[in-house]
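Inside the fold
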Amino acid sequence: MDTVSQLLQTFRLQAEVFHNAKYCNAFNIDTTVSGKAGFHLITEGQAYVVFGDAREPETLAPGDLVLLPRAGEHRVVDALDTSAPVNGSASARFGDVADQAGTGLVCGYLTFDHPASNPLMDALPDVVIVRASGRPADCNVRELLHVLVRESVSDQPGVQVTLNRLCDVVFVLVMREYLGVAGGRGVAAALADKRIGRALDALHANLAADWSVESLAGLAAMSRAGFAARFKALLDTTPVAYLTAARMQSAYRLLKDHQEPVAAVAAQVGYATEAAFAKAFKRELGIAPGAVRRGTVD
């Protein structure tokens, strides 16, 4: 399994659509929630997304998707000079106003079932906009968005779950595309770097291995010092600290999902003793491994 798939499996992306409506009059929607990445899909009509900082507003056309990975302050409005109070406009289901002109809006949140900071979301920019008229590289995303649009007006059973799962896949594809072209720093840049990426792939493929800076540098065909410096420049952490974090992220999933004994999990992520593992786990995630296994974590 590739590194991105492993990270997605570890952090477990979950999309939840909470708003699917059509507006036939002025609207001014603020869905900013601290700690939750928000997204909006325009299914018909036109809207604008207005940000709380100095960023210029963006126009959204049918099929356009906007994602805010860091829950930045924003509003979706019918016009830049809208007359509607914030969240003050009544909405109607599509079936009630199917023949009327208006703006269709699907809104939701992305969450990750893991207490650690998510390196994949951290690699995305503050605002991601996928245009319905995007370049050919976006074709898979755009095709799924078309399905989302059609499903949003469906009255068939299971619409809510279908929308949620479609959004799951859309955002995996969005992340994959940005990780493929990203520069600068973070896991995206590290994976795009052929040498550092090779070492990361090997590390994630076998977290229990007796990794050292020297062995990882050898995989990258670099000197120890050169590898360590390049790794720190891209990921803003040391190889040893990254390895510890990756092991604890994986251990959390093993403990929560499979309820394996703490000692067995410790061995699976490369720790010779349960005590050393428990200390590292508590230091990294702020919770005891036993509490996760028992399901007593809030």
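Residues numbered from 1 in each chain as written. Predicted model: local features only at pLDDT ≥ 70, side-chain atom pairs only at ≥ 80, totals over all residues. Heavy atoms only, no water.

**Some thoughts on the overall build of the protein**
- A count of helices and strands for the protein gives twelve helices and nine strands.
- In terms of its C-alpha atoms, the protein occupies a principal-axis envelope of roughly 65 × 40 × 30 Å.
- Within the protein, buried positions represent 49% of all 298 residues.
- Total accessible area on the protein stands at roughly 14200 Å², and carbon and sulfur atoms take up 50% of it. (Helix = DSSP H or I, 4+ residues; strand = E, 2+ residues; numbered from the N terminus. Buried < 20%, exposed > 50% of the residue type's maximum accessible area, 1.4 Å probe, protein only. Areas by Shrake-Rupley, 256 points an atom, 1.4 Å probe, with all protein chains shown as cover.)

**Here's the deal with the packing of helix H6 (residues 194–205) against helix H9 (residues 239–258)**
- As a packed pair, H6 and H9 sit with axes 10 Å apart at the nearest point and diverge in direction by 40°. In this structure, H6 meets H9 at a crossing whose hand is right-handed. Between H6 and H9, the residues in contact are Leu200, Leu203 and His204 and Tyr242, Leu243 and Ala246, respectively. (Axes fitted to C-alpha atoms, helices over the stretch in contact; angles between N-to-C directions. Left-handed = near helix turned anticlockwise from the far one by under 90°. Contact = heavy atoms within 4.5 Å.)

**A closer look at the sheet that holds strand S9 (residues 128–130)**
- In spatial order, the strands read S1-S8-S3-S6-S9; together these five strands make up an open sheet with antiparallel pairing. Looking at the sheet topology across the chains shown, the edges are occupied by strand S1 (13–23) and S9. Averaged over neighbouring strand pairs, the angle between their axes works out to 15° when direction is ignored.
- Examined bridge by bridge, strand S3 (residues 37–44) and strand S8 (residues 103–112) share seven bridges and lie antiparallel to one another. (Pairing = 2+ DSSP bridges.)

**Section: helix H11 (residues 274–285)**
- Taking 1.5 Å of rise per residue, twelve residues should cover 16 Å, and H11 covers 16 Å from first to last C-alpha, within 8% of that figure.
- Among all positions in H11, only Phe277, Ala280, Phe281 and Leu285 are buried. Around the axis of H11, the buried residues are gathered within 105° of arc, so they sit on the same side. H11 presents Ala275, Lys279 and Arg283 as exposed residues on the side facing more than 90 degrees away from its buried surface.
- Buried residues belonging to H11 abut H9, helix H10 (262–268) and helix H12 (289–294).
- Just downstream of H11, Gly286 is the residue with a positive phi angle, here 80°. (Expected span 1.5 Å × (residues − 1). Arc of directions from axis to C-beta.)

**Observations concerning the packing of helix H1 (residues 3–11) against H6**
- Contact pair H1 / H6: the axes reach a minimum separation of 9 Å and the direction vectors enclose 45°. Taken together, the axes of H1 and H6 lie oblique to each other. Both H1 and H6 take part in a crossing whose hand is left-handed. Of the residues in H6, those in contact with Thr3, Gln6 and Leu7 of H1 are Leu200, Asp201, His204 and Ala205.
- Classifying every residue of the contact of H1 with H6 by side-chain character gives three nonpolar, three polar and one charged. (Parallel < 35°, antiparallel > 145°, perpendicular 65-115°, else oblique. Nonpolar A, V, L, I, M, F, W, Y, C, P; charged D, E, K, R; others polar.)

**Topic: the environment of Cys167**
- Tracing the backbone shows Cys167 in helix H4 (residues 159–181).
- Cys167 sits 44 residues away from Ala123 along the chain, and the two C-alpha atoms are 19 Å apart.
- Aside from chain neighbours lying at most four places away, what touches Cys167 is Ala15, Val17, Phe39 and Leu148.

**Considerations on the sheet that holds strand S7 (residues 74–77)**
- Read across the sheet, four strands follow the order S2-S7-S4-S5 without closing on themselves; strand pairing throughout is antiparallel. In the strand order of this sheet, the two ends are held by strand S2 (28–29) and strand S5 (58–60), each with one partner.
- Here S2 pairs with S7 via two bridges, running antiparallel. Across the sheet, residue Ile29 finds its bridge partner in S7, namely Val76.

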